[in-house]
Amino acid sequence: MCAMKAIVITQPGGPEVLKLKEVDEPRPEGDQILVRVSATALNRADCLQRRGLYPAPPHVPADIPGLEFSGQVEALGPQASRFQAGDRVMGLLGGGGYAEKAVVSEAQVLEIPQEWSDEEAAAFPEAFFTAYDALFPQLGLKMGECILIHAVGSGVGQAALQLCKAAGARTMGTAGSWDKLEKARQLGLDDAICYKEQDFGEEVDRLTRGEGVQAVLDFVGADYLEGNLKVLAPLGRLIIVGLLSGAQCQADLSQILRKRLRVMGTVLRARDPWEKAQLTERMRRYVLPLASSGEVIPVLDSIYELAEAPQAHQRMEANRNFGKIVLRCG
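Keep in mind that what you see is a predicted model, and the values were worked out from it rather than measured.

Brief notes about the overall build of the chain
Of regular secondary structure, the chain possesses 10 helices and 15 strands. In terms of C-alpha radius of gyration, the chain reaches 20 Å, essentially the compact-globule figure of 20 Å for 330 residues. Taken along the three principal axes of its C-alpha coordinates, the chain extends 65 × 40 × 35 Å. Looking at the chain residue by residue over its 330 residues, the buried ones come to 54%. If you take every contact in the chain between residues at least 6 apart in sequence, the share linking residues at least 24 apart comes to 68%. Within the structure as shown, the chain displays about 14500 Å² of accessible surface, and the carbon and sulfur contribution to it stands at 48%.

Pasting the structure below:
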């Protein structure tokens, strides 16, 4: 069996436990394709997995993080027929993206827009798949509605911002610095809220003249739940995508009853393959044309070499990034 280089989690811990090692190259089976990975991008789940808090799902490498990729098709499994060797592709992974090669079902793969670099393509899948799925199939966001996007400077946050603008929604966003918020304004953010200096509940109340927002996209979890419920207008919807502040909290649930709110949660990594395939097809149909026309773009924060994965993780955990942190793999 051939060998390849990959970043391996040698034990649970900080960024220093990420080591560049030689491992066995994967082989495509069934409808899988073998991809020579050009680049991958960091996600918060990678940091959790590194710390031993987010184990990989079955049938993917348990010690190689990485939930997305861009690259070239190198070989096909016996049931794969959609792509050919040499095609430039990008897509989702259950894990294993921090490596020179990876295998993935062809049903979870998209063609890379011709004008995009490999680094831009690597920054697209997880952010835009997550944002699109949360905003439209689940929240049912409509033209003219107002949405509050927390962590608007994150990868998913900036993807959501662009998709909301393309759909004709009014956007409010929170971030920890005015610098990040100014960058978000350049992507179309309507109203900026710096959570380190302002109370987002008071600001939403002021900006909407007490009417509230129709939807909230939240990555913070426990600390924001009660505030999120307060800023929602009657019949409003909240979707929780992350739990940066933890999962345990106290909140006044009577607001859900009184305002007839809907509260949802979502996760992408652990979904069944057929669900990911369905989402990939929706992305191909509805979002890829926006990407090809330049109406939505992947936002790159910084680019590191594969061996610099520890430094990349340090940057993410310090919350210094706006957009995606990318690793070059090949």
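Side note on the packing of aromatic side chains
Summed over the entire model, instances satisfying the criterion amount to four aromatic pairs. Measuring from ring centre to ring centre gives 5.5 Å for Tyr132 and Phe136, while their planes differ by 45°; the resulting arrangement is tilted. Of the two residues, Tyr132 and Phe136 both sit in helix H3 (residues 125–138), four residues apart, roughly one turn of that helix. Looking at Tyr132, the relative accessible area reads 9%, which means it is buried. Each member of the aromatic cluster is reached from another via a ring pair, and the members are Trp116, Phe124 and Phe128. Looking at Arg269, its charged tip hangs above the ring of Tyr54, at a distance of 4.9 Å from the centre.

Brief notes about the packing of H3 against helix H9 (residues 273–293)
One can describe the packing of H3 onto H9 by two numbers: an axis separation of 11 Å at closest approach and a directional angle of 85°. Regarding the angle of H3 to H9, the classification is roughly perpendicular. Here Phe128, Phe129, Tyr132, Asp133 and Pro137 of H3 come into contact with H9, specifically with Leu279, Thr280, Arg282, Met283, Tyr286 and Val287. Its residues assigned to classes, the contact of H3 with H9 comprises eight nonpolar, one polar and two charged.

Comments concerning helix H10 (residues 309–317)
Those residues of H10 that sit buried are Ala309, Pro310, Ala312, His313, Arg315 and Met316. Next to the buried residues of H10 lie strand S1 (3–9), strand S2 (18–24), helix H1 (44–50), strand S14 (300–305) and strand S15 (324–328). A positive backbone phi angle near 60° is found at Asn319, which sits one or two residues after H10.

Concerning the sheet that holds strand S10 (residues 191–194)
Read across the sheet, six strands follow the order S10-S9-S8-S11-S12-S13 without closing on themselves; strand pairing throughout is parallel. The open sheet has two edge strands with one neighbour each: S10 and strand S13 (262–265). Taking the axes of each pair of neighbouring strands and ignoring which way they run, one obtains an average angle of 15° across the sheet. Against the sheet, helix H4 (residues 155–166) contacts strand S8 (146–149), strand S9 (170–175) and strand S11 (213–218), and its axis sits at roughly 170° relative to S8.

Digging into the pairing of strand S6 (residues 101–105)
Counted residue by residue, S6 has four buried out of five residues, so it is predominantly covered. Where strand S3 (residues 32–41) and S6 come together, five bridges link them in antiparallel fashion. By the bridge assignment for S6, Ile33 is matched with Val104.

Description of the environment of Gly86
Here Gly86 is to be found in the loop between strand S4 (68–76) and strand S5 (88–92). Between the alpha carbons of Gly86 and Glu74 there is a distance of 6.3 Å; along the sequence they are 12 residues apart.

Looking at helix H5 (residues 178–186)
It helps to recall that an α-helix has 3.6 residues per turn; residues three or four apart then point in one direction. Within H5 the residues assigned to the buried category are Lys180, Leu181 and Ala184. One side of H5 carries all its buried residues, which in axial view fall inside an arc of 100°. At the exit of H5 stands Gly188, carrying a positive phi of roughly 115°.

Points about unusual backbone geometry
Unusually for a residue other than glycine, His59 sits at a positive phi of about 70°. Along the polypeptide, His59 turns up in the loop between H1 and S4. Its identity as a non-glycine residue notwithstanding, Ala151 has a phi of 50°, on the positive side. Its place among the elements puts Ala151 in the loop between S8 and H4.

Observations concerning the packing of H3 against H4
At a minimum axis separation of 8 Å, H3 and H4 run at an interaxial angle of 55°. Relative to H4, the element H3 lies oblique. Along this stretch, H3 crosses H4, giving a crossing that reads as right-handed. Mapping the contact onto sequence places Glu126, Ala127, Phe128, Thr130, Ala131, Tyr132, Leu135 and Phe136 in H3 and Gly155, Val156, Gln158, Ala159, Ala160, Gln162, Leu163 and Cys164 in H4. Residue composition of the contact of H3 with H4, by class: 11 nonpolar, four polar and one charged.

A short note on the pattern of salt bridges
In total, this model carries 17 salt bridges according to the counting rule given. Its salt-bridge partner being Lys101, residue Glu74 comes within 2.6 Å of it at the nearest N-O pair. Taken together, the residues span a long stretch of sequence, with Glu74 in strand S4 and Lys101 in strand S6 at a distance of 27 residues. Residue Glu74 is classed as partly exposed on the basis of its relative accessible area of 31%. We classify Lys101 as buried; its relative accessible area is 9%.

What counts, and where the lines are drawn
- Residues numbered from 1 in each chain as written.
- Predicted model: local features only at pLDDT ≥ 70, side-chain atom pairs only at ≥ 80, totals over all residues.
- Heavy atoms only, no water.
- Helix = DSSP H or I, 4+ residues; strand = E, 2+ residues; numbered from the N terminus.
- Rg over C-alpha atoms; globule rule 2.2 N^0.38 Å.
- Buried < 20%, exposed > 50% of the residue type's maximum accessible area, 1.4 Å probe, protein only.
- Contact = heavy atoms within 4.5 Å.
- Areas by Shrake-Rupley, 256 points an atom, 1.4 Å probe, with all protein chains shown as cover.
- Phe/Tyr/Trp six-rings, centres within 6.5 Å; stacked < 30°, edge-to-face > 60°.
- Lys NZ or Arg CZ within 6 Å of the ring centre and 35° of its normal.
- Axes fitted to C-alpha atoms, helices over the stretch in contact; angles between N-to-C directions.
- Parallel < 35°, antiparallel > 145°, perpendicular 65-115°, else oblique.
- Nonpolar A, V, L, I, M, F, W, Y, C, P; charged D, E, K, R; others polar.
- Pairing = 2+ DSSP bridges.
- Arc of directions from axis to C-beta.
- Left-handed = near helix turned anticlockwise from the far one by under 90°.
- Salt bridge = Lys/Arg side-chain N within 4 Å of Asp/Glu carboxyl O.

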